[in-house]
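Fold and geometry: a report
Listed below, chain by chain, are the residues.
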Amino acid sequence: MSETTQLRVDGKRLWESIMAIGEIGPGQHGGSCRLALTDEDRDGRDLFIRWCEEIGCSITVDDMGNIFARRDGRNNDLAPIVAGSHLDTQPHGGKFDGIYGVLAALEAVRTLHDNDVSTAAPVEIVVWTNEEGSRFAPAMISSGVYAGLFEKDYAWAITDSDGKSLGDELKRIGYMGAASCGSNPIGALLEAHIEQGPILEADDQQIGVVVGGQGQHWYDVTLKGQDSHAGSTPMPGRRDALVAAAEIITMVQTLALEFAPQAVSTVGEMSVMPNSRNTIPGEVFFTIDIRNPDENVLAQMAAQLEARVAAIAEKHGVECKLDEIWDKAPVKFDPDCIAAVAEATSSLGYSNQQMVSGAGHDACQICLVAPTSMIFVPCAGGLSHNEQESAEPADLEAGCNVLLHAMLKLANRANA
Ligand SMILES: [Zn+2]
């Protein structure tokens, strides 16, 4: 067992595999367009499965199209140690978001195979269906079904903008598997991913040891004032819903700054009625998104937000409807999985820091039903969901080595 500490992945093979998948559904500007359950998604899956079969893995596809490629352990009664992510992309997606996590897991298992290393528990590589939520909303739908957050019938019935359902498209591309989603055990899940933010790069760290994910609240806001003539209505006494909205938007930004550095807040969508240059806007609709990794801080932010929105609306003489349409509690990853990642990182000698995921990931769903953690590597400028997304081969290799050794630790802990 001791010689496994010397094992290292093949960074060049990892890079070439990422580039090979990136050629399926190429984007116009160097990225990829491989929307969930399209022909391109099928071709990417087919190539992944071929690679897994070449190293003797057995393949199971469940009825949400999730793929599990299994390498047996010495004791196959143990729940497998699973690593992976997603192969689907945004319409103008990069080559690394999701793909890296799948192919890092593949490279880790290829390394075990090449070196004839056995593990106590089996190891599996997972591909989750429709993580991006771009063609079929919501995002992370299949890991959500696995975790019991969504009913399967609901997921199958979701349609794209052409009215095609997720279930029909799964069948059409041949990935409606026989296994029932959620029926296969996961002993632990590890997901490697590019950070999709600027922190590791700015701090000059190679590895992010991810301890959890942010919680968030989503609101719909409708302000009702009064439409009135832009020329003949004096400034005093106007009930201008857009001016009230402007003050609220500024307040939303200030709110996150007050809870710096971890709070974020965004107004991303707005419509103005009647949207005419010479009428005072009588009605405005907009959205608010607030996030924080700490449940108590998030609750404080929410309470402050609600009080301040009401006060601003009153000051401008507009009626306010603030609906919280969705909320998600912060997630905390499993201490043993975090420790496995942290120990692997320090024994390999990589610079690292603990961090919280700003984005949602399949791991943030699965952690509700199985021990989970994540490994982040830097990406250039923190840019993601963009064809210019890029990452350094050396960082990808480092993250993959961490994944390999964290998998070994977890797979051998049970009865090694
Ligand atoms: Zn992703």
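Structure: above.
Anyway, here's the lowdown on the structure attached to this text.

Rules used in this analysis
- Throughout, residues of each chain are indexed from 1 in the direction in which the sequence is written.
- Reporting in this predicted model follows two pLDDT cut-offs: at least 70 for local features of residues, and 80 or more for side-chain atom pairs to be given and counted; totals over whole chains, interfaces and linings ignore these cut-offs and use all residues.
- Hydrogen atoms and water are omitted, and side-chain values are computed over all heavy atoms in the structure.
- A run of H or I in DSSP counts as a helix once it spans at least four residues, and a run of E counts as a strand once it spans at least two, with each numbered from the N terminus.
- It is over C-alpha atoms that the radius of gyration is taken, and the globule rule equals 2.2 Å times the number of residues to the power 0.38.
- The buried label applies to any residue whose accessible area, calculated with a 1.4 Å probe on protein chains only, is under 20% of its type's maximum; exposed applies above 50%, and partly exposed to all values in between.
- For the charge count, each Lys or Arg is scored as positive and each Asp or Glu as negative, with His and the chain ends excluded.
- Every charge is mapped onto a representative atom, which is NZ of Lys, CZ of Arg, CG of Asp or CD of Glu.
- Metal coordination here is assigned from N, O and S atoms located within 2.8 Å of the ion, or within 3.2 Å for Na, K and Ca; omission of water means that sites may look incomplete.
- In what follows, salt bridge is the name for a side-chain nitrogen of Lys or Arg lying within 4 Å of a carboxyl oxygen of Asp or Glu.
- Contacts: residue pairs with any heavy atoms within 4.5 Å of one another.
- In this scheme, strands are said to pair when DSSP sees at least two bridges between them.
- Grouping buried Ala, Val, Leu, Ile, Met, Phe, Trp, Tyr and Cys residues that are joined through side-chain atoms within 4.5 Å yields what is termed a nonpolar core.
- Two rings from Phe, Tyr or Trp (for Trp, the six-membered ring) form a pair when their centres sit within 6.5 Å of each other. Planes less than 30 degrees apart are called stacked, planes more than 60 degrees apart edge-to-face, and all others tilted.
- Placement of a positive charge over a ring is assigned whenever Lys NZ or Arg CZ falls within 6 Å of the ring centre and within 35 degrees of the normal to the ring plane.
- Patches in this entry comprise residues that are over 30% relatively accessible and not in a salt bridge; like charges within 9 Å are linked, as are nonpolar side chains (Val, Leu, Ile, Met, Phe, Trp, Tyr) within 5 Å.
- Accessible surface area values rest on a Shrake-Rupley calculation with a 1.4 Å probe, where residue burial reflects the displayed protein chains alone.

What follows is about the overall build of the protein. Along the protein, the regular secondary structure elements total 12 helices and 16 strands. Here the C-alpha atoms of the protein give a radius of gyration of 24 Å, agreeing with the 22 Å that 2.2 N^0.38 yields for 416 residues. For the protein, the residues scored as buried account for 54% of the 416 residues in total. Here the protein contributes 29 positive and 59 negative side-chain charges, whose respective centroids are spaced 2 Å apart.

Where a metal carries four tetrahedral donors, each ideal angle is 109.5 degrees; where it carries six octahedral donors, the ideal angles are 90 or 180 degrees. Taken together, His86 (NE2), Asp97 (OD) and His193 (NE2) make up the full set of protein donors to the zinc ion, lying 2.0 to 2.2 Å away. In primary-sequence terms, the residues that donate to the zinc ion follow H-x10-D-x95-H. Within this pair, whereas Asp97 is found in the loop between strand S3 (81–86) and helix H3 (99–114), its partner His193 is found in strand S5 (residues 188–194), the two being separated by 96 residues in sequence. Residue His193 is classed as buried on the basis of its relative accessible area of 1%.

Relative to the helices and strands, Asp362 is located in helix H11 (residues 362–366). Of the side chains bearing the opposite charge, Arg45 lies closest to the buried Asp362, which forms no salt bridge; the N-O distance is 10.0 Å. If we ignore the near neighbours within four places in the chain, the residues touching Asp362 are Ser85, His86, Trp128, Glu131, Met140, Ser143 and Glu191.

Counting buried positions along strand S6 (residues 207–213) gives 6 out of 7 residues, so the element sits mostly inside the fold. Pairing of S6 with strand S15 (residues 352–357) involves 6 bridges; the strand directions are parallel. Residue pairing for S15: Gly213 is matched across the bridge by Ser357. Inspection of the sheet shows S6 paired to strand S16 (residues 372–377) by 3 bridges, in the antiparallel sense. Paired with Val209 across the strands is Ile375, a residue of S16.

This part covers the nonpolar core. Across soluble globular proteins, you tend to see nonpolar side chains buried next to one another. Grouped together as the largest cluster of nonpolar side chains are 95 residues, with contacts concentrated most on Phe48, Tyr100, Leu103, Leu190, Phe333, Leu396 and Leu403. Top element by residues in this core is helix H12 (residues 393–413). It accounts for 11 residues. Beyond its immediate stretch of four places on either side in the chain, Leu396 contacts Leu14, Trp15, Ile18, Phe96, Tyr100, Ile194, Val377 and Ala391. In terms of nonpolar packing, the next biggest core, distinct from the first, is built from 26 residues, Tyr219, Ile248, Leu305 and Val318 among them.

Quick look at the packing of aromatic side chains now. By the definition in use, this model includes 5 aromatic pairs. Measuring from centroid to centroid gives 5.8 Å for Phe68 and Trp128, while their planes differ by 85 degrees, and the two rings are edge-to-face. With a gap of 60 residues between them, Phe68 in strand S2 (residues 67–71) and Trp128 in strand S4 (residues 123–128) connect regions that are remote in the sequence. Looking at Trp128, the relative accessible area reads 1%, which means it is buried. With 5.7 Å between their ring centres and 75 degrees between their planes, Trp128 and Tyr146 make a pair best called edge-to-face. Taken together, the residues span a long stretch of sequence, with Trp128 in strand S4 and Tyr146 in helix H4 (residues 141–146) at a distance of 18 residues. Considered together, Trp128 and Tyr146 belong to a single accessibility category, that of buried residues. Here a set of aromatic residues connected by ring pairs shows up, and it is made of Phe68, Trp128 and Tyr146. Sitting over the face of the ring of Tyr175, Arg45 holds its NZ or CZ atom 4.9 Å from the ring centroid.

Attention now goes to the pattern of salt bridges. In the structure shown here, the tally under the stated rule is 19 salt bridges. Asp323 is the partner of Lys321 in a salt bridge, and the nearest nitrogen-oxygen pair spans 2.9 Å. By relative accessible area, Asp323 is classed as partly exposed at 31%. Several salt bridges share partner residues, and in doing so they unite Asp39, Arg42, Asp43, Arg135, Asp160, Glu169 and Arg172 into one network.

Another point: a nonpolar patch on the surface. A grouping of Leu149, Leu368 and Val369 is seen on the molecular surface, where their side chains present a nonpolar patch of about 260 Å² in accessible area. One can find Val369 in the loop between H11 and S16.

This part covers unusual backbone geometry. With omega at 5 degrees, the peptide bond leading from Ala137 into Pro138 counts as cis. Relative to the elements of secondary structure, Pro138 occurs in the loop between S4 and H4. Backbone geometry at Leu37 places phi at a positive 65 degrees, although glycine is not the residue there. Tracing the chain through its elements places Leu37 in the loop between helix H1 (11–22) and helix H2 (39–54). Classification of Leu37 by relative accessible area gives buried; the value is 0%. One non-glycine residue, Asn130, adopts positive backbone phi at about 50 degrees. Examined against the element boundaries, Asn130 turns out to sit in the loop between S4 and H4. In this structure Asn130 comes out as buried when scored by relative accessible area, which is 1%.

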